[in-house]
Amino acid sequence: MNRMCNNMFDIILRYIPFYSIAVAWFISVFLSGTYSVSITELKVPPYIKNGTGSATILDCLYSLRPEEQTSDSGLVVKWFFNKSPNPVYQWIYNQKPQGLGVLKGRLWLDYRATDNNATAHRALYIYNPTVELSGEYKCTVSTNVDEDFSIKKMVVFAPEKRLEMFHTRFDLETINVTCRAIGVYPMPIITLYNDSIKFNEVVISSAERTNAYDVTAYVLIPDTDLSSPTTFDCDLQIPNTPYSNKKTMQYYPGNTESLSSISDNGVSISRRSILDVSIVTLASYLILNIRF
């Protein structure tokens, strides 16, 4: 019995001081209303236009306790891009900031967000952002005792170099209405309308090249479903930006001037050309059989 009491007493002496210290620390912090490093706001523009020639600033605002604003606090600010484990920017308190990875050579490293030495180099000053810098940005702020982070996305968009709309004959009774955007970033949303009524069954294909997309949308419509004249609209929108563009085309059903259809390889073949080839082939066959 005495041994059991002694063991319980040893356990109490061993653990009560630890919990007492932890509880006291929590109460003091809670009552004082002061916390360790905390990111209060992450200022990242949701969208910017590609190649405008102007700079943009991504700012990471944070608060520190007085004891964390000293040179021995271990204060480090890092920025990450698109979930990469490697930072694209790093600033250690009292040291020169570094641009790394995709941001190396693209930052003004002497830029100061504030006059406070503990927050001076928290921000990214990016010269002339281009589409390859479109993505997710994460700011982390850490000290010897704590860390915080925040994440936001920025879209660097490039309007299309060309937006065109045209129609061709799929067959004698059906029209092919096509809208094509060349050199746009990121992948846009293309919607086709007939007299302000949206087409639901639109075929969309895209080709990705360096930092740009070429996108084609088309729909097949029987002439009998159309009024005369009828209007087709192509609406292009870049997601997560206010950018949009529109093309409009008027069509008169029954017009057979364009009797071409587009094959899988994009080559236009007219029905008249096919008929001409068929006649030549038949004539050659008859001449060969008559001769022999």
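Data block above holds the structure.
Residue numbers restart at each chain and count upward from 1, following the sequence in its written direction. Residues qualify for local features only when their pLDDT is at least 70, as the model is predicted, and side-chain atom pairs are given and counted only at 80 or more; totals for whole chains, interfaces and linings, by contrast, use all residues. As a rule here, side-chain values cover all heavy atoms of the structure and leave hydrogens and water aside.

**Some words on the sheet that holds strand E4 (residues 76-81)**
Consideration 1: Two strands pair under a simple rule: DSSP has to find at least two bridges between them. We count a stretch as a helix when DSSP gives it H or I for four or more residues in a row; a strand needs E for two or more, and each element gets its number in order from the N terminus. Pairing within the open sheet is mixed, and its six strands lie in the order E2-E9-E8-E4-E5-E6. Strand pairing shows two members of the sheet lacking a second neighbour, strand E2 (47-49) and strand E6 (98-99), which therefore form its edges.
Consideration 2: As defined by bridge partners, E4 adjoins strand E8 (residues 135-142) across six bridges and the pair is classed as antiparallel. Each residue of the ladder has a partner; that of Phe80, found in E8, is Lys138.

**Considering the state of the cysteines**
By definition, a disulfide links two cysteine residues through a covalent bond between their sulfur atoms.
Consideration 1: Disulfide: a pair of cysteine sulfur atoms within 2.5 Å of each other. Taken as a whole, this structure holds two disulfides when the rule is applied.
Consideration 2: Disulfide partner of Cys60: Cys139, at an S-S distance of 2.1 Å. Residues Cys60 and Cys139 are joined by a disulfide whose S-S torsion is about -90 degrees; by sign, that bridge is left-handed. Linking Cys60 in strand E3 (residues 56-63) with Cys139 in strand E8, this pair joins segments that are 79 residues apart in sequence.
Consideration 3: Buried, partly exposed and exposed residues are distinguished by accessible area as a fraction of the type maximum, computed with a 1.4 Å probe on protein chains only: under 20%, between the cut-offs, and over 50%, respectively. Relative accessible area serves as the criterion here: at 0%, Cys139 is assigned to the buried category.
Consideration 4: For the chain, the disulfide bridges join cysteines in the arrangement 1-2, 3-4, where the cysteines are counted in sequence order.

**Considering the side chain of Arg122**
Consideration 1: Mapped onto the elements of the fold, Arg122 is located in the loop between E6 and strand E7 (124-126).
Consideration 2: A polar side-chain atom of Arg122 sits 2.8 Å from a polar atom in the side chain of Asp59.
Consideration 3: Not counting chain neighbours up to four residues away, the residues in contact with Arg122 comprise Asp59, Cys60, Leu61, Tyr62, Val77, Trp79, Trp91, Ala113 and Thr114. Contacts described as polar in this section are N or O atom pairs within 3.5 Å, which, within protein, must combine one atom able to donate a hydrogen with one able to accept it, while residues neighboring in sequence count only if both atoms come from side chains. Only heavy atoms enter the contact rule, under which two residues are in contact if any of them lie within 4.5 Å.

**A word on the packing of aromatic side chains**
Consideration 1: Any Phe, Tyr or Trp ring, taking Trp's six-membered ring, that has another such ring centre within 6.5 Å forms a pair; planes under 30 degrees apart are called stacked, those over 60 apart edge-to-face, and the others tilted. This structure, assessed with the given rule, holds ten aromatic pairs.
Consideration 2: Look at Tyr111 and Tyr125: their rings are 5.2 Å apart centre to centre, the planes differ by 40 degrees, and that puts the pair in the tilted class. Pair noted here: Tyr111 is in the loop between E6 and E7 and Tyr125 is in strand E7, with a separation of 14 residues, a long-range link.
Consideration 3: An angle of 40 degrees between the planes, with centres 6.3 Å apart, marks the rings of Phe232 and Tyr251 as tilted. Of this pair, Phe232 sits in strand E16 (residues 230-237) while Tyr251 sits in strand E17 (residues 244-251), and the two are 19 residues apart along the sequence. For the pair Phe232 and Tyr251, a shared accessibility class is recorded, and that class is buried.

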